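Residue-level listing of the chains:
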Amino acid sequence: MSQMPQPPRLSACPTCAEPPQAGDRYCDRCGADLEAAAAPTARVPADQPVPPQMNGAARSTHQEPEPDDYELAAPASGGYERMADPRSAAEPGAAEAAFGTAEAAPLAEAGLPLESNASTHTSAATSTVSGAGTGTGADPRLPGGDHRPRCAACQEGTIDQDGYCERCGHVQARERDHMESELEGIAAATDRGLRHHRNEDAFMVSSAELPDGSPVTVAVVCDGVSSATRPDDASAAAAHAASTALRTSLPRGAHPQQAMNEAIIAAADAVNSLAMETGAAAPHHEGQRHQNAPACTIVGAVVTSDILTIGWVGDSRAYWVPDDRTAPPARLTEDDSWAAQMVAAGLMTEAEAYADERAHAITGWLGADAYELEPHTASYKPDRPGVVVVCTDGLWNYAESAEQMARAVPPDARARPLNSAQVLVGYALDGGGHDNVTVAVVPFPAAPGRAGSA
């Protein structure tokens, strides 16, 4: 999950003495609330150097990658089978909704030319959700036949609103612990990971036909900021709002970059409204900066038959991986993070910046306490088929460079996007699974078919 600059934290859980991971709000061992045991402070510790500022807010400047950044090593062979999740058993479900149409906007020459404002189906296939289930029968001891789920561990206690058994205290699996969705031509998967007590990531995927009959696919991935309140609600609200905005503006003929910019603004509004609902934010924006308001990052992709458009705020990323692995892959986003700012400002080398414990502190996010919303959008026109990998840092922490990500992506990713999403989630879990993991695999060019969403 994404991290803002963190205040001093407990060295051990007050309940079970388990050392917490950086950014954890709850103990990974017993589920104790670590925030409640520590006094709240501002997000940026006073004793840490402040990144370069502009109008009082941290800024991430973007620079073009060097040519040898894209040198591709030989793809790894084998090892693409996804590891079984030891925590849960699959429970299939389905999700589908109408999407709409949009008009594609022409772009420049072939290759991967960048057009950026740095200030910034198919027939519905299956969507599956898996997680460890709990009983849903009525507890005969409860008056009125209360239909609360029973504990999966002791099979006797009922589950409170925080997800714990009222009898034995066992934390219960949630529906969001592991989810997968697939439409023809696009797929995504998310997993809680092996260290955190809940999944604070969210995604939405959709596909449709443009007025000229050409297809378009959309993926939105959001990562809740764990140091904020309700990070899981923030990511879900942002993903839903951005996807809805794209389904509204693209059919009206909006340029994909403009549509993406408006979608990110809509996502920010949705996250801001959560702060107002809970009273976490003050009426004036200056006061909101001192509140621990819900927050998340966002990255989205819109793919048509000839162009792909990316939009983002924060440190969730998008990568380009061509089918021809002798061709160079590319990272399509630039992080809003402390490390990226240090490198861009020439204050540190990339190796020095990413070795620092503050490297992944984000400088841009969606939330009522964000200094200023600055969506980034960029459009590309690849000259060959491939896939766009849209993911949270729970994946790219284990495959940070474009070359590493290309080696992790199966060679048949464009033909089997769901399998590839599963493989990439398994890759992160096999690497340690220290964070929530979410990835969408979007084939380019978009596959024709009937509209749908999940």
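Keep in mind it's a predicted model, so treat the numbers as computed, not measured.

Conventions and cut-offs
- Residues numbered from 1 in each chain as written.
- Predicted model: local features only at pLDDT ≥ 70, side-chain atom pairs only at ≥ 80, totals over all residues.
- Heavy atoms only, no water.
- Disulfide = S-S within 2.5 Å.
- Buried < 20%, exposed > 50% of the residue type's maximum accessible area, 1.4 Å probe, protein only.
- Salt bridge = Lys/Arg side-chain N within 4 Å of Asp/Glu carboxyl O.
- Helix = DSSP H or I, 4+ residues; strand = E, 2+ residues; numbered from the N terminus.
- Expected span 1.5 Å × (residues − 1).
- Contact = heavy atoms within 4.5 Å.
- Phe/Tyr/Trp six-rings, centres within 6.5 Å; stacked < 30°, edge-to-face > 60°.
- Lys NZ or Arg CZ within 6 Å of the ring centre and 35° of its normal.
- Core = buried A, V, L, I, M, F, W, Y, C linked by side-chain atoms within 4.5 Å.
- pLDDT = per-residue confidence, 0-100.

Trainee: What should I look at first to understand the state of the cysteines in this one?
Mentor: Here is the idea: a disulfide is a covalent bond, and it sits between the sulfur atoms of two cysteines. Enumeration over the complete set of coordinates arrives at zero disulfides. The thiol of Cys 151 is unpaired, and the distance to the nearest cysteine sulfur, on Cys 168, comes to 3.7 Å. In this structure Cys 168 is a free cysteine whose sulfur lies 3.6 Å from that of Cys 165, the closest cysteine sulfur available. Owing to a relative accessible area of 39%, Cys 168 belongs among the partly exposed residues under this scheme.

Trainee: Help me understand the pattern of salt bridges, please; the structure alone is not making it clear to me.
Mentor: It is possible for side chains bearing opposite charge to pair when their charged atoms get close. Within the structure shown, the criterion is met by 13 salt bridges. Salt-bridge contacts for Arg 230 lead to Asp 233; the nearest nitrogen and oxygen are separated by 2.9 Å. Arg 230 gets classed as partly exposed once you look at its relative accessible area, which sits at 24%. Since its relative accessible area comes to 32%, Asp 233 is described here as partly exposed.

Trainee: How should I be thinking about helix H8 (residues 417–431) in this particular structure?
Mentor: Between its terminal C-alpha atoms H8 stretches 21 Å, which fits the 21 Å expected from 15 residues at 1.5 Å a residue. All buried positions along H8 are accounted for by Pro 417, Leu 418, Asn 419, Ser 420, Ala 421, Gln 422, Val 423, Leu 424, Val 425, Gly 426, Ala 428 and Leu 429. Contacts made by the buried residues of H8 are with strand E6 (178–183), strand E7 (186–191), strand E16 (386–391), helix H6 (393–396), helix H7 (402–408) and strand E17 (437–444). Positive backbone phi, approximately 140°, marks Gly 432, located one or two places after H8.

Trainee: How do you make sense of the packing of aromatic side chains when you look at a structure like this?
Mentor: Here the distance between the centres and the angle between the planes together describe a pair of aromatic rings. Within the structure shown, the criterion is met by one aromatic pair. Taking 5.9 Å as the distance between ring centres and 80° as the angle between the ring planes, the aromatic pair formed by Trp 320 and Phe 444 counts as edge-to-face. Of this pair, Trp 320 sits in strand E12 (residues 317–322) while Phe 444 sits in strand E17, and the two are 124 residues apart along the sequence. The exposure classification of Trp 320 matches that of Phe 444, with both residues buried. It is Arg 317 that lies over the ring of Trp 396; its NZ or CZ is 3.4 Å from the centre.

Trainee: Would you mind showing me how to read the nonpolar core here?
Mentor: The tendency in soluble globular proteins is for nonpolar side chains to be buried as a group. Grouped together as the largest cluster of nonpolar side chains are 32 residues, with contacts concentrated most on Val 220, Leu 246, Ile 298 and Leu 366. If you list the elements that add at least two residues to this core, you get strand E8 (201–209), strand E9 (215–224), helix H1 (231–249), helix H2 (256–278) and strand E10 (295–303). The element contributing the most residues to this core is H2, with nine residues. Setting aside its immediate chain neighbours within four residues, Leu 366 contacts Ala 238, Ile 264, Ala 267, Ala 268, Val 271, Pro 294, Ala 295, Cys 296, Ile 298, Val 313 and Leu 373.

Trainee: Explanation requested: the confidence of the model for the protein chain in the structure shown.
Mentor: The predicted structure's coordinates, where accompanied by low pLDDT, should not be read in detail. Summarising the model, the protein chain shows a mean pLDDT of 75, and 66% of its residues fall at 70 or more. Predicted confidence for residues 39–111 stays below pLDDT 50, and this span has 167 contacts to residues more than four positions away or in other chains. A low-confidence stretch, residues 280–290 (pLDDT under 50), is modelled with 21 contacts involving residues beyond four sequence positions or located in other chains.

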